[in-house]
Amino acid sequence: MTQFTFDAPTVIRTKRDGGVLSDAAIDWVIDAYTHGRVADEQMSALLMAIFLRGMTAAEIARWTAAMVDSGERMDFSDLRRGGRPLALVDKHSTGGVGDKTTIPLVPVVMACGGAVPQAAGRGLGHTGGTLDKLESIAGFTAEISKHQIRQQLCDLGAAIFAAGELAPADRKIYALRDITATTESLPLIASSVMSKKIAEGANALVLDTKVGSGAFLKTEEESRELARTMVELGTAHGLTTRAVLTDMSTPLGCAIGNAVEVAESLEVLAGGGPPDVVELTVTLAAEMLDAAGLDGVDPAQTLADGSAMDRFRDLVAAQGGDLGQDLHVGPHAETITAPRDGRMESIDAMAVGLAVWRLGAGRSAPGERVQPGAGMYIHRRVGEPVSAGEPLFTLYTETPDRFEGAIAELDGGWAVGDAAPPARPLIIDRITSGD
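Owing to the predicted nature of the structure, the values given are computational and were not obtained by experimental measurement. (Residues numbered from 1 in each chain as written. Predicted model: local features only at pLDDT ≥ 70, side-chain atom pairs only at ≥ 80, totals over all residues. Heavy atoms only, no water.)

Draft legend 1. Quick look at empty space enclosed by the protein. Applying the stated criterion to the full structure yields two cavities of 30 Å³ or more. What the second largest cavity holds in volume is close to 40 Å³. Along its surface, the second largest cavity is lined by Thr94, Ile189, Lys210, Ala215, Phe216, Leu217, Ser223 and Leu226. Per-class residue counts for the lining of the second largest cavity are five nonpolar, two polar and one charged. (1 Å grid on protein atoms, 1.4 Å probe; cavity = no way out; pocket = protein on both sides within 12 Å on 5 of 7 lines; lining within 4 Å. Points joined across faces, edges and corners; volume = space filled by probe spheres on them. Nonpolar A, V, L, I, M, F, W, Y, C, P; charged D, E, K, R; others polar.)

Draft legend 2. Local environment of the layout of surface pockets. Taken as a whole, the second largest pocket encloses approximately 520 Å³ of empty space. Looking at the lining of the second largest pocket, the elements with two or more residues in it are helix H12 (275-291) and strand E10 (342-347). Grouping the constituent residues of the lining of the second largest pocket by class yields twelve nonpolar, five polar and six charged. Two domains each provide a minimum of three residues to the lining of the second largest pocket, namely domain 2 (80-324) and domain 3 (332-417). (Helix = DSSP H or I, 4+ residues; strand = E, 2+ residues; numbered from the N terminus. Domains from an automatic or database assignment.)

Draft legend 3. Quick look at the side chain of serine 93. Mapping serine 93 onto the fold places it in strand E3 (residues 89-93). In this structure the side chain of serine 93 is engaged in a polar contact, spanning 3.1 Å, whose partner is the backbone nitrogen of glycine 95. Engagement of the side chain of serine 93 in a polar contact is seen with the side chain of aspartate 99, the distance being 2.8 Å. When near neighbours in sequence (up to four residues on either side) are disregarded, serine 93 contacts Asp99, Asp208 and Lys210. (Polar contact = N/O pair within 3.5 Å; in protein donor to acceptor, adjacent residues only side chain to side chain. Contact = heavy atoms within 4.5 Å.)

Draft legend 4. Region of the structure containing the pairing of E10. Examined bridge by bridge, E10 and strand E12 (residues 385-386) share two bridges and lie antiparallel to one another. What sits directly across from glycine 342, in E12, is valine 386. Relative to strand E14 (residues 414-417), E10 runs antiparallel, the two being bridged by four bridges. Each bridged residue has a counterpart across the sheet, and for serine 346 the counterpart in E14 is alanine 415. (Pairing = 2+ DSSP bridges.)

Draft legend 5. Local environment of the pattern of salt bridges. Within the structure shown, the criterion is met by 25 salt bridges. With its nearest N and O atoms 2.7 Å apart, the salt bridge here joins arginine 242 to aspartate 290. One end of the pair, arginine 242, is in strand E7 (residues 240-247); the other, aspartate 290, is in helix H12, and 48 residues separate them in sequence. A relative accessible area of 12% places arginine 242 in the buried class. Classification of aspartate 290 as partly exposed rests on a relative accessible area of 47%. Ionic pairing is found between arginine 430 and glutamate 287, a salt bridge with its closest N-O pair at 2.8 Å. Here arginine 430, found in strand E15 (residues 427-432), pairs with glutamate 287, found in helix H12; they are 143 residues apart in sequence, far enough to count as distant. Judged by relative accessible area, which is 39%, arginine 430 ranks as partly exposed. Among the ionic contacts, a cluster of salt bridges with common partners joins Arg242, Glu287, Asp290 and Arg430. (Salt bridge = Lys/Arg side-chain N within 4 Å of Asp/Glu carboxyl O. Buried < 20%, exposed > 50% of the residue type's maximum accessible area, 1.4 Å probe, protein only.)

Draft legend 6. Highlighting the environment of cysteine 254. If you trace the backbone, cysteine 254 turns up in the loop between E7 and strand E8 (255-257). If we skip the residues at most four places from it in the chain, cysteine 254 touches Glu264, Pro274, Met376, Tyr377, Ile378 and Arg381.

Draft legend 7. Here's a closer look at helix H10 (residues 220-236). Between its first and last C-alpha atoms H10 spans 24 Å; for 17 residues at 1.5 Å apiece the expected length is 24 Å, and the two agree. Those residues of H10 lying buried are Ser223, Arg224, Leu226, Ala227, Thr229, Met230, Val231, Leu233 and Gly234. Looking one or two residues beyond H10, the residue adopting positive phi is glycine 238, at roughly 80°. (Expected span 1.5 Å × (residues − 1).)

Draft legend 8. Fine view of H12. In this model, H12 (17 residues) spans 24 Å end to end at C-alpha, consistent with the 24 Å of a helix rising 1.5 Å per residue. For H12, the complete set of buried residues consists of Asp276, Val277, Leu280, Thr281, Leu284, Ala285, Glu287, Met288, Leu289 and Ala291. Phi turns positive, to about 80°, at glycine 293, one or two residues after H12.

Quick look at the structure:
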């Protein structure tokens, strides 16, 4: 039998015209792009076609599996601590503004007896990346060897690392999505998240699926569909998977950026910090521990007694970081003040995310350096009283010519009114396989 030979224009045209890509076409295009036989321009066109036309459930499953197969799949099943297999569990957020939860969450789970192989990513679009944030710690590196990952899981209970050889097709596609306005696509989000998580070697996974203006998918209906899609993808690959729907209509916490978010995470680990960051950290930790079969431990207690902070210090030191050095915050600052007395009526997460991106915390070209010190601090949260002339937002950057664009993004993204708006729940729902 003659084997059919695919080409990029035909695959692009099929999806552009609303067709369904065959398993063989998906396998070919993922492999060809990974190995440089399909150009960035061609994959960009295909991503836009997928963005506009969508994918069937079968296409998403095959696209995900092809990206998993583009690299190695880690296996930690042989690792033991105290003679017992590690309780390997991970968490992933679909991307939020001010969402630094991974930073306090991983040491909380470590302190409760879990082991977290955390393949983390960089910023995507208006959302910040865990690696960009952690690399604002002097000396910290996520470029660690497989041997070191295994050693840290056994000795410490966690490793936070760049995906590296895990799903290398996704690494290339992820970078393209960041600069081609194709981030907000359910098939591309689901396959990107799950290809890395399936490949990284955990036994259980909790997904923090964001809902609201600062999420990639804006409506609760879309976010529920994304959560269900990812849960079923994980379950089909033997991964105990559940999702939590959380509100992202306003930024999480008060700090948005890189170094400023690490500083706020340290406040949480010290037993303080914004209540919403603490609530989400504890909620996700409880879900992770339950999914991993660990019970009888209270994640909130690890924040109160300092054990999570101790684990974080150990983890950072193991990966070359020095928490004894001051975190670098941008030397140039601009403050936006309240125009009147009243209450903070709204703060739009998307506007804040784009403003921080303009300040230099994100990328507009592949491989572009982010500014560790770029960010924003929100002085008044939604519902809190404000007085005319008091600071509402402080913006930080290393390059002051960025202020104009950042302030323009923020303009219209917040309001002071006469009364506090109705409170919105942070935790909206949870989704398990079969829901």
